[in-house]
Amino acid sequence: MHVVATAGHVDHGKSTLVRALTGRDPDRYAEEKRRGLTLDLGFAWTELDGAGPVAFVDVPGHERFVPTMLAGVGPVPVAVFVVAADGGWMPQSAEHLAALDALGVRHGLLVVTRADLADPAPARERALAELRASSLGDVPAAACSAVTGAGLEEVRATLARVLVGVPAPDVRAPVRFWVDRSFTVTGAGTVVTGTLSAGRIAVGDELRLGERTVHVRGVQSLERDVPHVDAVARVALNLRGVDRRDVGRGDALLTPGTHRETDVLDVRLAVAGDGEPVPAQLVAHLGSAAVPVHVRPLGGDGAEALLRLRSRTALPLRVGDRLLLRDPARHVVLGAATALDVDPPPLRRRGAAAARAAELAGVSGAPDAAGELRRRRLVSGRHLRAMGVEPAGTPVAGDWYADPGFWAGRAERLRALVAGFGATDPLHPGPTLEQARRALGLPALELVEALVAAPLRVSGGRVVERTDDLPAAVERSVALVLADLRREPFAAPDVERLRELRLGRPELAAAVRAGRLERVAEGIVLAPGYRARAVDALRAVPQPFSMSEARRALGTSRRVAVPLLEALDAAGATARDADDRRRLTGR
Ligand SMILES: Nc1nc2c(ncn2[C@@H]2O[C@H](COP(=O)(O)OP(=O)(O)OP(=O)(O)O)[C@@H](O)[C@H]2O)c(=O)[nH]1
Ligand SMILES: [Mg+2]
């Protein structure tokens, strides 16, 4: 299917042309028919020889309804530009063309209507010259009269030729389905309609609508139920999970995880040569949405402006999206803003805007994973994908991607942190994973774990420096402790035994650093791997179990059992019930 939008000045014959081509009146409302004026988007479709089904989105031409026009053409890739032979080039001809240009519409044709009322040649020449200077470029033209029917066949043939040359969209692309109508159908529930510009929607799909998940219960296209529909298409969706009042024009249904809902973004706007500053309040149009935005200039030169946009409501965005910026007060389409960053950093310090502009100067809006890593330093793959950027390279941990220089720097800082720790507190020879996470400003413990490499290692939940060499006397004493622990794995040496073996605080700390012993609590050490062994032993105990049941199963005293079970709790291997009994979690 093809989807085509009309464009052109009020009363130039757009709706009449659509009716002549499809046999259906796109003006649905009694008031539209009475006043002979399109007030809202209209929809009609037909079969066109050589091009198959063609759906039309008919837009209003009146200057008051330019936002409605934009909601209609937003997701549509092809335009039928209408100029009346007796009307010529008019203000909304210019404004609609500026909109199509900003949206980057590259396919279309010119139709000179009302050709029975005046010579179509002057209107055609002027319009073709205007269109040539836009994204539409050189387009074919046809003249017709809806009253006499003359020229309609040529309009059909020309439109079919244009449509055959329109490239097929990517049906595997993520869905961002812009709603242009929503209503309730008795017995079916909420129905939304819109133009699907990329991707595929199938019955049973789950889509995101802001914070909620909605289920596609039914799909209709061209008034027929279908199991799925591929872009480009006019689509009606029957939805489960949303009330009709909670969805409407300007909302988008999204493939989960593929867009970032944001109310702040940085963009590049090509500016006209007059050098006028960009107004501080504009309206941004994207798909069927129109949101007021506050504009903060970051920098740029005469030809382009780098702007921070802040909108009152969030928009689902990806890097590279084009937003049309319009000044409604002056009826001026300023142009297309390209989304460079849909999750920009806050600008706090003096000079931050200029620094940001310098950073964005080299950003094109084409997804660039390495560039994102350089600027963000550390980011999850999930977040990158939501911004429309496919991660490149290998994650440093889990789903985390890091800039190589940043990552090497954090590894360096962790080594320094651990060294500093050992110097000030021999009994705690390194920071806990959580302490290290905070000191390094990292968002997840798994990142700290991933940074631990020789000579560092994790022992007893702490990051410590591996020092393999123990003084010979300490080595001998530790060997005796380990021999005791082989017989009774949870009978940690008591104060007396430690004194007898001359294992004081520094000696124990050194043995822990060397990985010979693991610290359970102050003055309590066990053989490495004690937690796994304890979990094994506790499997034999009926769940949940009390402290004394655990103590008996482990063959140890309360002095050891209490901190040992706390260590298991901390590691997530055991969980405590309300009555202080515990069970194994299976982890
Ligand atoms: N004589 C003549 N009249 C036409 C022709 N096409 C449209 N009209 C008349 O022009 C007037 C405006 O036509 P519409 O189709 O409503 O114009 P429109 O562009 O849809 O107007 P808006 O949607 O309000 O912007 C109507 O009275 C039509 O009957 C034509 O080819 N010849
Ligand atoms: Mg109309």
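In this text the structure is predicted, and so the values were computed from the model without any measurement. (Residues numbered from 1 in each chain as written. Chains lettered and ligands numbered in written order. Predicted model: local features only at pLDDT ≥ 70, side-chain atom pairs only at ≥ 80, totals over all residues. Heavy atoms only, no water.)

### Notes on the site of ligand 1
Selection criterion: Proximity is defined per residue: if any heavy atom of the residue lies within 4 Å of a molecule or strand, that residue is considered near it. Whenever two N or O atoms come within 3.5 Å, that pair is a polar contact, provided that in protein one can donate a hydrogen and the other can accept it, and provided that, for residues adjacent in sequence, both atoms are side-chain atoms. All accessible areas in this document rest on Shrake-Rupley with a 1.4 Å probe, and a residue is counted as covered only by the protein chains that are shown. As a working rule, the residues Ala, Val, Leu, Ile, Met, Phe, Trp, Tyr, Cys and Pro are called nonpolar, Asp, Glu, Lys and Arg charged, and the rest polar, with Gly in that last group.
Taken together, 19 residues are adjacent to ligand 1, and Thr 16, Thr 38, Arg 114, Asp 116 and Ala 146 come closest. Ser 15 is positioned with one of its backbone polar atoms (N or O) 2.8 Å from an oxygen atom of ligand 1. Here an oxygen atom of ligand 1 and a side-chain polar atom of Thr 38 are 2.6 Å apart. For ligand 1, whose free accessible area comes to 650 Å², the fraction covered by protein is 81%. Partitioning the shell around ligand 1 into residue classes produces 6 nonpolar, 9 polar and 4 charged.

### Structural notes on the pattern of salt bridges
Our working definition: Here, a salt bridge means any side-chain nitrogen of Lys or Arg that lies within 4 Å of a carboxyl oxygen of Asp or Glu. Each residue's exposure class comes from its accessible area (1.4 Å probe, protein chains only) as a fraction of the maximum for that residue type: buried when under 20%, exposed when over 50%, partly exposed otherwise. Numbering of helices and strands runs from the N terminus; a helix is a DSSP stretch of H or I covering at least four residues, while a strand is a stretch of E covering at least two.
For the coordinates displayed, the defined rule picks out 44 salt bridges. Linking Asp 25 and Lys 33 is a salt bridge whose minimum nitrogen-to-oxygen distance equals 3.0 Å. For Asp 25, a relative accessible area of 27% translates into the label partly exposed. With its nearest N and O atoms 2.6 Å apart, the salt bridge here joins Asp 266 to Arg 308. A residue pair is termed long-range when its members are at least 10 positions apart, and Asp 266 in strand β16 (residues 260-270) and Arg 308 in strand β19 (residues 304-317) qualify at 42 residues. Judged by its relative accessible area of 4%, Arg 308 is buried. Here the residues in one salt-bridge network are Arg 260, Asp 266, Arg 308, Asp 341, Asp 343, Arg 356, Glu 359, Glu 372, Arg 375 and Arg 376, joined through shared partners.

### Topic: helix α17 (residues 547-554)
Applicable threshold: This arc is built from the directions going out from the helix axis to the C-beta atoms. By definition, residues are in contact when any of their heavy atoms lie within 4.5 Å.
Within the span of α17, buried status applies to Met 547, Ala 550 and Leu 554. The buried residues of α17 occupy one face: seen down the axis, they fall within an arc of 65°. On the buried face of α17, the contacting elements are α16 (530-538), α18 (558-571) and β29 (582-584). Directly after α17, the chain includes Gly 555, whose backbone phi takes a positive value near 65°.

### What to know about the side chain of Ser 221
Take Ser 221: it is sitting in strand β11 (residues 212-221). Beyond its immediate chain neighbours, meaning those up to four positions away, Ser 221 contacts Met 1, Val 226, Val 229, Ala 233 and Arg 234.

### Section: unusual backbone geometry
Across the junction of Ala 231 and Val 232, the peptide omega takes the value -5°, indicating a cis bond. Structurally, Val 232 can be placed in the loop between β13 (228-230) and β14 (233-240). The linkage connecting Gln 543 with the following residue, Pro 544, adopts the cis geometry, with an omega of -10°. Relative to the helices and strands, Pro 544 is located in the loop between α16 and α17.

### Thoughts on the layout of surface pockets
How we decide: For each structure, a 1 Å grid was placed over the protein atoms alone; sets of points admitting a 1.4 Å probe that cannot get out are labelled cavities, open sets with protein on both sides within 12 Å along at least five of seven lines are labelled pockets, and lining residues have an atom within 4 Å of a point. Grid points are joined across faces, edges and corners, and a volume is the space filled by probe spheres set on the points.
One number sums up the size of the largest pocket: a volume of about 1,200 Å³. Broken down by secondary-structure element, the contributors of at least two residues to the lining of the largest pocket are β1 (2-7) and β7 (176-185). Among the residues forming the lining of the largest pocket, the class breakdown is 20 nonpolar, 9 polar and 7 charged.

### Some remarks on the sheet that holds β1
What counts, and what does not: In this analysis, strands are considered paired if DSSP registers two or more bridges between them. Simply put, an axis is a line fit to the C-alpha atoms, just over the touching stretch for a helix, and the angle between two N-to-C directions goes from 0 to 180 degrees.
Strand order in this open sheet of 6 strands is β2-β3-β1-β4-β5-β6, and the pairing throughout is mixed. The open sheet has two free edges, formed respectively by β2 (42-48) and β6 (141-143), since each of these has just one partner strand. Here the strands of the sheet are splayed against their neighbours by 25° on average, with no regard to which way each runs. Where β1 and strand β4 (residues 78-84) come together, 4 bridges link them in parallel fashion. Paired with Val 4 across the two strands is Val 78, which belongs to β4. On the sheet, helix α4 (residues 91-103) packs against β1 and β4 and is oriented at approximately 165° with respect to β4.

### Points about empty space enclosed by the protein
Under the defined criterion, the tally for this structure stands at 1 cavity of 30 Å³ or more. Here the largest cavity is characterised by a volume of approximately 40 Å³. The wall of the largest cavity is formed by Thr 262, Asp 263, Leu 265, Ala 284, Val 293, Leu 309, Arg 310, Ser 311, Leu 315, Leu 317 and Leu 323. Counting only elements with at least two residues in the lining of the largest cavity, the list comes to β16 and β19. With 5 residues, the top contributor of residues to the lining of the largest cavity is β19. Classifying every residue of the lining of the largest cavity gives 7 nonpolar, 2 polar and 2 charged.

### Brief notes about the packing of aromatic side chains
Test applied: Planes of paired rings set the category: under 30 degrees apart is stacked, over 60 is edge-to-face and the rest tilted, where pairs are Phe, Tyr or Trp rings (Trp by its six-membered ring) whose centres lie within 6.5 Å.
Counted by the stated rule, this structure contains 1 aromatic pair. Geometrically, the ring pair formed by Phe 81 and Trp 89 is stacked, given 5.7 Å between the ring centres and 15° between the ring planes. Each member of the pair, Phe 81 as well as Trp 89, is classed as buried.

### A closer look at the coordination of the magnesium ion (ligand 2)
Note the following rule: For Na, K and Ca the donor cut-off is 3.2 Å; for every other metal, N, O and S atoms count as donors within 2.8 Å. Water does not enter the count, which can leave sites looking incomplete.
The magnesium ion (ligand 2) binds to the protein through Ser 15 (OG) and Thr 38 (OG1), with metal-donor distances spanning 1.9 to 2.0 Å. Separated by 23 residues along the polypeptide, Ser 15 in helix α1 (residues 14-22) and Thr 38 in the loop between α2 (30-35) and β2 bring together distant segments of the chain. Of the two residues, Ser 15 and Thr 38, neither departs from the other in class, the shared state being buried.

### A closer look at the nonpolar core
Keep this limit in mind: Take the buried Ala, Val, Leu, Ile, Met, Phe, Trp, Tyr and Cys residues and link them wherever side-chain atoms come within 4.5 Å; each set so joined is a nonpolar core.
In this structure, Val 478, Leu 503, Leu 517, Leu 526, Leu 538, Leu 564 and Leu 568 are the most contacted members of the largest nonpolar core, which totals 39 residues. Those elements that provide at least two residues to this core are α13 (472-487), α15 (505-513), β27 (524-526), α16, α17 and α18. Looking at this core, the element that brings in the most residues is α18, giving 6 residues. The residues contacting Leu 526, other than those within four sequence positions of it, are Leu 485, Pro 489, Phe 490, Ala 491, Ala 492, Leu 517, Glu 518, Val 520, Val 560 and Leu 564. Among the nonpolar cores identified, the runner-up in size contains 38 residues, and Leu 41, Ala 55, Ala 123 and Leu 136 belong to it.

### Considering the environment of Val 278
Of note, Val 278 is situated in the loop between β16 and β17 (281-286). The buried category is assigned to Val 278, whose relative accessible area is 18%. Spatially, the C-alpha atoms of Val 278 and Asp 327 are 9.5 Å apart, while their sequence positions differ by 49 residues. Excluding residues that lie within four positions of it along the chain, Val 278 makes contacts with Leu 269, Val 271, Val 295, Ala 305, Leu 307 and Leu 334.

### Considerations on the environment of Pro 328
Along the polypeptide, Pro 328 turns up in the loop between β20 (322-327) and β21 (332-341). The exposure class of Pro 328 is partly exposed, given its relative accessible area of 39%. Residues Pro 328 and Pro 67, spaced 261 residues apart in sequence, show a C-alpha to C-alpha distance of 8.8 Å.

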